[in-house]
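Each chain is listed here by its residues.
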Amino acid sequence: MTERDGGLDHGLTDYGDRDFSRYLRRSFAQSMGYSRALLEKPVIGIAYTASDFNNCHRHFPELLEAVKRGVLAAGALPLAFPTVSLGEVFLSPTSLKFRNLMAIDTEEMIRAQPMDAVVLMGGCDKTVPAQLMGAVSAGRPAIALVAGPMMTGRHRGERLGACTDCRRFWARYRAGDVDAAEISAVEGQLAVTAGTCAVMGTASTMACLTEALGLSLPGTAAIPAVHADRLRAAEATGAAAVRLIGSKFTPAQFINEKSIENALRVLLALGGSTNAIIHLTAIAGRAGAKVSLDHLNTLSDSTPVLVNLKPVGNGYMEDFCAAGGMGSLLRELKPLLHLDCMTVTGETLGARLAGDADGYVDRSIIAPLKKPLEPSGGLVALFGNLAPQGAILKRSAADTKLFEHEGRAVVFASLADLAARIDDPALDVAPHDILVLQNAGPHAPECMPEAGYLPIPKKLAQRGVKDMIRISDARMSGTAFGTIVLHVTPDAASGGPLGLVRSGDRIRLSVKQRRIDLLVDDAEIKKRAAATRPPAKTPERGYAKLFAEQITGADEGCDFKFLRPQ
Ligand code: FES
C-alpha cells in the first residue's frame, strides 16, 4: 500500500495501525460507488449549508452540482458535507447566538475530515462570517462561494426587496397609511426568489467584503442567486479550489492590517451593514488582527459613499451587479486601497483590477470617487461616557438633522419592557426625546438581537414622526435605516453605563465630535452603579451556558474567548 499525505489519506482515523486505517477508509469510501481511480484524487470538501429552515439557500442543490462539476473537471474529487445552517428569520432568540456554533462546526469538520481544500457555500447573514471564522482557524486552503442576492418583487408597479421595503411598509401600516389587505399583499412580494436579501443588508455587505478580502472569485459577490452566471461562478469556484491544493495561502494569510483596511474602505463606500463591523472584527480576531473603531473613524473621513443601494439609496443588488458590481467599485476606490493584497486566485488586488475592466459602469448606482453620493463613509464610531468602548451609527441611513442633538431619555429596561410599553398611549414620549433600550447586548439573555431599530411609538408615528434617535446595545438589521446608535459597549448586562440611564436623563449625540454622552454627574452615576442588581443567572447547561461564559463584547466581534488565538 502506498502512502500519501493528501486526499482521502489526510488525517487518518487512528486505530494504531496506519495501513489498516487507510484500508478501512477506502473500503467505506468505495461503498459510496466511487471508482478507485477517483478515490486516488485530491479531495475538495464543500461546506454545504442547504436547509429547509434557510430560504436564502433554496438554490444550493443546483449550485452544489455546479461546484462539483468544476472540481471534477479540474481533476479532484468533490465531497460535500453538511454544517449548521443559519436562516436569519427562523432562529430564536437571534441568529447571532449561533454564529459561533456554526464557526466551531465549520472549523472542526474542515480539520477532522480528509480534504485538501474547501469551498465554503454560505450566504444568509451569519453564515458567511461563521464560515470565514471557522476557515481562518482551520488553516486549510479555502475559497468562499456566496449564495447571491434575491431578485426584487413587484407590488402595484413598485419594486420591492427584502428587507428595507418590509420595514418601510410595516412602518406605514403602523402609522395607518396601509391597511391589512395591502400589507398582506406586500408580504407575498418581498422575498420572491432564492438568494439573500435584495438590498445592501448584512448578507450583501459580507459577500462584498469577502470579495474585497480576496477570499472569493473576482466579480462573484453580487451575481443574483438565480442568474446562470451564479452557476458559472460556482463551477469556476470549484475549479479554483483545486488550484488551491498545496497552496501556502490559507484564509488567515489573507487577513492582515492592509486587507482589513481595504475591507473597511469597501464597507464605508457601500454604506454597508453595521453588523459587518462585528463580523469583520471576529474574522480578523481569528487571524490575530484587530479592527479598531478609531481607525474606522479615520477611514470614514476619507472614504466617500459611492453605492446607491437601499437602505441608504435607491437601488437593489441586481442593479449593483448590472452596474459593474465589485469590480467597478474597487476600481473607483483604487487610489485608497492597498493593491498588493493577495486574492484567492493567486494574483494581487492590483493585478485583478488591471485585468477585469470592461469599462462599463452605471453611474446611477456606482458614483465616481470624484463625485460621490456622500463625501464621507457610511458608518461612524461614537465614544463618550455612555459608550467608553464604542458604539456605531450608520450615518448614511440616518437623519442629518439629528446629528447634533440633546434630548430627554425614554428608557426601556429590556425587550419585554419595550414590547409592553412602546405603543402604550400613556407613554410619556415626545418627538425630540431619545429612545433607549437596555439589556439587549451580547451578555443579555437575548444575545444581541437586531432590536436596535426600535419602532417609533405608535402615537408619534400616527402624527407623522418618521425618525428619532434610538440608542441600544443591540444590533440592527443591515436592511434598516434611521438615526440609530448601536452596539453600545460595554453592554448594559455586563455592567456598562447604558444600564445606568434613567427616563428623564439628558443625553447628547454629536456626530461631529463622535460622542454619545449621558449628561448626569459622576457622583449620581456612581450611586446608580452601586445600586445596580447583579446580572441574571447564567444558564446551567448546553450551548447557552457556553455562550454566556465565553461571549466577548461587540468591540471583540462577539467571538468566544476560547476560540481566539492565544
Ligand atoms: Fe437570509 Fe436576509 S434573510 S440574507
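Here, the structure is the one placed above.
A quick note: this is a predicted structure, and the numbers were derived from the prediction, not measured. By convention here, each chain's residues receive numbers from 1 onward along its written sequence. Where local features are concerned, this predicted model is filtered to residues with pLDDT of at least 70; where side-chain atom pairs are given and counted, the filter is 80 or more; whole-chain, interface and lining totals use all residues. Calculation of side-chain values draws on the structure's entire complement of heavy atoms; hydrogens and water are dropped beforehand.

Draft legend 1. Broad picture of helix α1 (residues 18–30). Over its 13 residues, α1 runs 18 Å from end to end, which matches the ideal 18 Å to within 8%, given 1.5 Å per residue. Throughout this description, buried means an accessible area under 20% of the type-specific maximum (1.4 Å probe, protein chains only), exposed means over 50%, and partly exposed covers the range between. Segments assigned H or I by DSSP are reported as helices when at least four residues long, segments assigned E as strands when at least two residues long, and all are numbered from the N terminus. Of the positions making up α1, those classed as buried are Ser21, Arg22, Arg25, Arg26 and Ala29. Mapping the buried residues of α1 onto a view down its axis gives an arc of 120°, with all of them on the same face. We call two residues in contact when some of their heavy atoms are within 4.5 Å. Contacts made by the buried residues of α1 are with α2 (36–39). For α1, the capping residue at the N-terminal end is Asp17, with a side-chain oxygen 3.3 Å from the backbone nitrogen of Asp19. Expected helix span is given by 1.5 Å per residue-to-residue step, counting one fewer step than there are residues. By construction, the arc corresponds to the directions joining the helix axis to the C-beta atoms. Within 3.5 Å is the distance limit for a polar contact, defined as a pair of N or O atoms, with the added protein rule that one can donate a hydrogen and the other accept it, and that residues adjacent in sequence qualify only through two side-chain atoms.

Draft legend 2. Summary view of a nonpolar patch on the surface. Two distance rules govern patches: like charges are joined within 9 Å, and nonpolar side chains (Val, Leu, Ile, Met, Phe, Trp, Tyr) within 5 Å, applied only to residues with over 30% relative accessible area and no salt bridge. Using the Shrake-Rupley algorithm and a 1.4 Å probe, accessible areas are obtained, with residue cover drawn only from the displayed protein chains. Salt bridges are counted wherever a side-chain nitrogen of Lys or Arg sits within 4 Å of a carboxyl oxygen of Asp or Glu. Together, Tyr15, Phe20 and Tyr23 make up a nonpolar patch on the protein surface, roughly 330 Å² of accessible area in all. Relative to the helices and strands, Tyr15 resides in the segment before α1.

Draft legend 3. Highlighting helix α6 (residues 164–174). Considered for burial, the residues of α6 that qualify are Thr164, Asp165, Cys166, Phe169 and Arg174. Gly176 sits one or two residues past α6 and shows a positive phi near 90°.

Draft legend 4. Looking closely at the sheet that holds strand β12 (residues 484–486). Here the rule is simple: two strands pair whenever DSSP picks up at least two bridges between them. One open sheet holds the eight strands; their spatial order is β7-β8-β12-β11-β10-β9-β13-β14, and the pairing between them is mixed. With one partner strand each, in any of the chains shown, β7 (379–382) and β14 (515–518) form the two edges of the open sheet. Sheet twist, expressed as the average angle between the axes of neighbouring strands with direction ignored, equals 25°. Each axis is a line fitted through C-alpha atoms, and for a helix only the stretch in contact is used; angles between axes span 0 to 180 degrees, taken between their N-to-C directions.

Draft legend 5. Layout of the state of the cysteines. The term disulfide is used for any two cysteine sulfur atoms that are within 2.5 Å. The full count for this structure, using the stated rule, is one disulfide. Covalently, Cys163 is tied to Cys166 through a disulfide, its sulfur atoms 2.2 Å apart. The S-S bond linking Cys163 to Cys166 shows a torsion near -120°; that makes this disulfide left-handed. Exposure remark for Cys166: the relative accessible area of 16% places this residue in the buried category.

Draft legend 6. Geometry of the sheet that holds strand β3 (residues 117–122). With parallel pairing, four strands are arranged side by side in an open sheet as β2-β1-β3-β4. Each having just a single partner strand, β2 (77–82) and β4 (142–146) make up the two edges of the open sheet. Within this sheet the neighbouring strands show an average axis-to-axis angle of 25°, counted without direction. As defined by bridge partners, strand β1 (residues 43–48) adjoins β3 across four bridges and the pair is classed as parallel. Paired with Gly45 across the bridge in β3 is Val118.

Draft legend 7. Layout of the nonpolar core. Throughout this description, the term nonpolar core refers to a set of buried Ala, Val, Leu, Ile, Met, Phe, Trp, Tyr and Cys residues connected via side-chain atoms within 4.5 Å. With 108 residues, the main nonpolar core has Val119, Met121, Leu264, Val266, Phe320, Met326 and Leu329 as its most contacted residues. The element best represented in this core is helix α11 (residues 257–270), accounting for eight residues. Other than its neighbours up to four places away in sequence, Val119 contacts Ile44, Gly45, Ile46, Ala47, Val67, Ile143, Leu145, Thr237 and Ala241. Residues Ala387, Ala409, Val511 and Leu518 belong to the second largest nonpolar core, which totals 28 residues.

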